[in-house]
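Listed below are the residues making up each chain.
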Amino acid sequence: MGSEENDVKLRILQAAKKLFARQGFNATTVRQICEEAGANVSLVSYYFGGKDKVFEALFAEYFSHDLLKEDELSRLDPASGLKLLIREITAYRQREPEMICLLQQEIIMQSPRMDLIQELTQPIWILLRDWLKQGREQGVFHFRSLDHTFISVLGSILFHNKTYYFKHLLDDIEEDPGLLLEDLTRFIFQAIGCGEPV
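Residues numbered from 1 in each chain as written. Predicted model: local features only at pLDDT ≥ 70, side-chain atom pairs only at ≥ 80, totals over all residues. Heavy atoms only, no water.

*Asks:* For the UniProt feature "DNA-binding region" (unreviewed entry) in the chain, give the residues involved together with the corresponding values.
*Replies:* The UniProt feature table records "DNA-binding region" (unreviewed entry) at residues 29–48. The span residues 29–48 is 70% helical and 0% strand by assignment, and the distance between its end C-alpha atoms comes to 14 Å. (UniProt positions renumbered as here; feature names shortened; annotations may be inferred. Helix = DSSP H or I, 4+ residues; strand = E, 2+ residues; numbered from the N terminus.)

*Asks:* Can you explain the pattern of salt bridges? Please cite residues and give values.
*Replies:* Here the structure, examined in full by the defined rule, presents eight salt bridges. A salt bridge links lysine 53 to glutamate 56; the nearest nitrogen and oxygen atoms lie 3.7 Å apart. Placement of the pair is lysine 53 and glutamate 56 together in helix α4 (residues 51–62), with a separation of three residues, close to one helical turn. Looking at lysine 53, the relative accessible area reads 41%, which means it is partly exposed. Two residues, arginine 186 and glutamate 182, come together in a salt bridge whose shortest N-O distance is 3.4 Å. A residue pair is termed a helical-turn pair when its members lie 3 or 4 positions apart in one helix, as arginine 186 and glutamate 182 do in helix α10 (residues 177–191) at four residues. (Salt bridge = Lys/Arg side-chain N within 4 Å of Asp/Glu carboxyl O. Buried < 20%, exposed > 50% of the residue type's maximum accessible area, 1.4 Å probe, protein only.)

*Asks:* Describe the nonpolar core, with residues and values.
*Replies:* Counting 55 residues, the largest nonpolar core has Ile12, Phe20, Phe59, Leu82 and Leu132 as the members making the most contacts within it. Sort the elements by how many residues they give to this core and helix α8 (residues 114–137) lands first, with eight residues. Setting aside its immediate chain neighbours within four residues, leucine 132 contacts Leu82, Phe141, Phe143, Leu146, Thr149, Phe150 and Ile192. (Core = buried A, V, L, I, M, F, W, Y, C linked by side-chain atoms within 4.5 Å. Contact = heavy atoms within 4.5 Å.)

Okay, here's the thing in structure tokens:
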């Protein structure tokens, strides 16, 4: 595949990522994607096979498939694992805000594309739940309901960037990535009864 072909495909993906995040998948047309990308409308079918396949290609291209490597994870204790997960997901959120926005929209709408998203993200969420469970069994974490705690921690990590609705109530939402990670990690660890993060 030539560099010009790669360039066009990448422009189509970047345009789709931007428009899907802003307008949603259903409200975005192939024509809009191609106008944004400066590409001929027939190229979506030619390169990807349609809008649904563009969606799949976005997750193939921009989702961190090696977010967490299994062999490294088996050696981590629950507190270290949870801290790593918070750090990696927060870094991905900052690196790919449009992908996170798209992911959040699809989850909220319970879209027909959920199977693809679940296939990619389920291992991460299973890991989070397992670490919470192990941490409680080992007496490191202290909480009543595993299910409620799992959903609360997941919400804190994944949906933290939805602050625009509350902007008028916020004094000075911290934008520094390091401080955000530190605050988020401390908040989650205190919420699950662990005190200071390890």
